[in-house]
Amino acid sequence: MDYKEILSSIIENISPAVADLVPYQPGKPIEELKREYGIDEVIKLASNENPFGPSPMAIKAAVEAMSTNIHRYPDGGAYYLKKAIASLWTVSMDNIVLGNGSNEVIQFLIHTFSANGGEVISSDPAFLVYRKMAQIFGAKNVFVPLKDNRHNLAEIARNTNKNTRIIFLDNPHNPTGTIIKSWEFDEFLASLPRHVIVCLDEAYGEFVRDYDDNVWGSDYIKKDPRVVFLRTFSKAYGLSGLRVGYGVMDEAIAERCNKVRQPFNVNSIAQIAAFYALKDKKHLEYTVKMTHKGADFLYDRLLRIGFSPMRTNTNFILTHTGLDARSIYENMLRKGIIIRAMNSYGFPNSVRISIGTEEENRKCIDVLTDCQCGCI
Ligand SMILES: Cc1ncc(COP(=O)(O)O)c(C=O)c1O
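Residues numbered from 1 in each chain as written. Predicted model: local features only at pLDDT ≥ 70, side-chain atom pairs only at ≥ 80, totals over all residues. Heavy atoms only, no water.

### A look at the pattern of salt bridges
- What the rule picks out here adds up to 18 salt bridges.
- Close ionic contact of Lys 363 with Glu 359 constitutes a salt bridge, the shortest N to O distance being 3.1 Å. A residue pair is termed a helical-turn pair when its members lie 3 or 4 positions apart in one helix, as Lys 363 and Glu 359 do in helix H14 (residues 358–375) at 4 residues.
- A cluster of three or more residues bridged by salt bridges with shared partners is formed by Glu 41, Glu 359 and Lys 363. (Salt bridge = Lys/Arg side-chain N within 4 Å of Asp/Glu carboxyl O. Helix = DSSP H or I, 4+ residues; strand = E, 2+ residues; numbered from the N terminus.)

Here you go:
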């Protein structure tokens, strides 16, 4: 038989849920961008990373672990990291599920509770991984449009039914940077059926400025088993490249999620780096302080160039530009600055800019000012 015929008889058996998936399009690698546009310097303000990098303590521990331990499998139970996380939230280690990024915990929740037809509700737009994971596991996606750039909790509650399994709420919300207030959340929770998991994704929790108004998942652990919250080391802790995140939830829910977890899902370097990142409170404070300063700077400058930025509780800013977001993105790219056009999130005239270092923010505004002139 011919090679192509054999291949097509394999491919035709693809699982129906996978056949319709659109593969994730990663951004252009920085090196490729430099070559293509003949530029020496690239500033990446597209993925909400920490521009200051991780704690020096985390780097030191990771380098040491690298030179002594990588011929061994990691600790599958991640004892020390889990213990540190448990102490941070005053919960038991059994309340924690560790993931290869918090993305993986989203996957565990969907795999465990809504595979094959369970309904998953998320806002439209919201972090795209919720819908993608639901699709992969054959769950039914239900989308509820934002209202005034915020989660429409009343409408989400109206969309629940006996098949609803999980509601994902990115709080703060990506890409608008808005928050859910605690009183709104209490009303919402009271209106939900008892079988529904509510996942508060707090990937940007460390950056929240409206601290007292905001709802915090940690306030509900041990009080309402429906509430689960997610945290990540990819944002404020600067460890995106190592992929560590976690969920905090009732022990019985965590136990079920751990059933679908691969035994060594978080590698040993990531475990030790995350452990030391948690210890270095000073670095976290510095990151948050500089991010807030950068957010104020960008907000002010974006207003001055005639855009309409949104107040943010995160390390990124969504700004309406009045222009085609795609052409702003392309023009910025040519000048070596990567931002995110929000067309695919349903904001054709908005861009999302991650907050960088002071110098990166300044350069971004300078180039954006030029591009804006070029786009009109
Ligand atoms: C709302 C939200 N949740 C989760 C993540 C993913 O985090 P991780 O790197 O831990 O998988 C992101 C990353 O952009 C995000 O925006």
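### A short note on the layout of surface pockets
- Its volume calculated, the second largest pocket comes out at about 280 Å³.
- Those elements that provide at least two residues to the lining of the second largest pocket are helix H5 (79–89) and helix H11 (268–279).
- A per-element tally of the lining of the second largest pocket places H11 first, with 5 residues.
- Partitioning the lining of the second largest pocket into residue classes produces 8 nonpolar, 3 polar and 2 charged. (1 Å grid on protein atoms, 1.4 Å probe; cavity = no way out; pocket = protein on both sides within 12 Å on 5 of 7 lines; lining within 4 Å. Points joined across faces, edges and corners; volume = space filled by probe spheres on them. Nonpolar A, V, L, I, M, F, W, Y, C, P; charged D, E, K, R; others polar.)

### Looking at the domain arrangement of the protein chain
- Each assigned domain of the protein chain is listed with its residue range as follows: domain 1 (3–40 + 282–375) and domain 2 (57–280).
- With 27 residues of domain 1 at the contact, the number on the domain 2 side is 25 residues.
- Surface buried jointly by domain 1 and domain 2 totals about 2,300 Å² across both partners, of which 58% is contributed by carbon and sulfur atoms.
- Here domain 1 is connected to domain 2 by 1 salt bridge.
- Here Arg 209 makes a salt bridge to Asp 296, at a shortest N to O gap of 2.9 Å. (Domains from an automatic or database assignment. Contact = heavy atoms within 4.5 Å. Buried area = accessible area lost by both parts, 1.4 Å probe.)

### Here we look at the site of the ligand
- Around the ligand sit 13 residues, and of these Ser 102, Asp 201, Tyr 204, Thr 232 and Ser 234 come closest.
- Thr 232 is positioned such that a nitrogen or oxygen atom in its side chain is 2.5 Å from an oxygen atom of the ligand.
- Contact with the protein chains hides 92% of the accessible area of the ligand, taken as 400 Å² for the molecule alone.
- Here the residues of the shell around the ligand are counted per class, giving 3 nonpolar, 6 polar and 4 charged. (Near = heavy atom within 4 Å. Polar contact = N/O pair within 3.5 Å; in protein donor to acceptor, adjacent residues only side chain to side chain. Areas by Shrake-Rupley, 256 points an atom, 1.4 Å probe, with all protein chains shown as cover.)

### Considerations on the packing of H5 against H11
- The interhelical angle for the contact between H5 and H11, taken along N-to-C directions, is 30°, at an axis separation of 9 Å. Classified by the angle between their axes, H5 and H11 sit roughly parallel to one another. Of the two elements, H5 crosses H11, and the hand of that crossing is left-handed. Residues Tyr 80, Leu 81, Ala 84, Ile 85 and Leu 88 of H5 form the contact with H11, whose participating residues are Gln 271, Ala 274, Phe 275 and Leu 278.
- Of the residues assigned to the contact of H5 with H11, the class counts are 8 nonpolar, 1 polar and no charged. (Axes fitted to C-alpha atoms, helices over the stretch in contact; angles between N-to-C directions. Parallel < 35°, antiparallel > 145°, perpendicular 65-115°, else oblique. Left-handed = near helix turned anticlockwise from the far one by under 90°.)

### A look at the nonpolar core
- Ranked by size, the top nonpolar core spans 53 residues in total, and within it Ile 85, Leu 169, Phe 185, Phe 188 and Phe 233 carry the most contacts.
- For this core, the leading source of residues is H11, giving 6 residues.
- Two domains each donate at least three residues to this core, and these are domain 1 (3–40 + 282–375) and domain 2 (57–280).
- The contact partners of Leu 169, leaving out residues within four places of it in the chain, are Tyr 130, His 151, Leu 153, Ile 156, Ile 180, Phe 185, Phe 188, Val 198, Cys 199, Leu 200 and Asp 201. (Core = buried A, V, L, I, M, F, W, Y, C linked by side-chain atoms within 4.5 Å. Buried < 20%, exposed > 50% of the residue type's maximum accessible area, 1.4 Å probe, protein only.)

### Focus on helix H12 (residues 281–304)
- Its 24 residues give H12 an end-to-end C-alpha distance of 35 Å, which sits within 8% of 34 Å, the value for a rise of 1.5 Å per residue.
- Every buried residue belonging to H12 is among His 283, Leu 284, Thr 287, Val 288, Met 290, Thr 291, His 292, Gly 294, Ala 295, Leu 298, Tyr 299 and Leu 302, and all of these are buried.
- Note on H12: the residue one or two positions beyond its end, Gly 306, has a positive phi of about 90°. (Expected span 1.5 Å × (residues − 1).)

### Some words on the sheet that holds strand E3 (residues 119–124)
- The 7 strands are arranged E2-E8-E7-E6-E5-E3-E4 in an open sheet whose pairing can be described as mixed. Strands at the two margins of the open sheet, each flanked by one partner only, are strand E2 (96–99) and strand E4 (140–145). For this sheet, the mean inter-axis angle between neighbouring strands, taken without regard to orientation, is 25°.
- Packed on one face of the sheet, H5 meets E2, strand E7 (227–232) and strand E8 (245–248) and runs near 130° to E2.
- Along the sheet, helix H7 (residues 129–136) contacts E3, E4, strand E5 (164–170) and strand E6 (197–201); its crossing angle with E4, the most-contacted strand, is approximately 155°. (Pairing = 2+ DSSP bridges.)

### Some words on a nonpolar patch on the surface
- Together, Met 1, Tyr 3, Ile 6, Leu 7, Ile 10 and Ile 11 make up an exposed nonpolar region whose accessible area comes to about 720 Å².
- As for its placement among the helices and strands, Ile 6 is situated in helix H1 (residues 3–11).
- In this structure Ile 6 comes out as partly exposed when scored by relative accessible area, which is 39%. (Patch = residues over 30% accessible without salt bridge, like charges linked within 9 Å, V, L, I, M, F, W, Y side chains within 5 Å.)

### A closer look at the environment of Ser 123
- As for its position among the elements, Ser 123 is in strand E3.
- Spatially, the C-alpha atom of Ser 123 lies 5.4 Å from that of Phe 143, the residues being 20 residues apart in sequence.
- Those residues in contact with Ser 123 that sit more than four places away from it in its chain are Val 144, Leu 146, His 151, Ile 156 and Phe 168.
- Polar contacts involving the side chain of Ser 123 include one to the side chain of His 151, which spans 2.6 Å.

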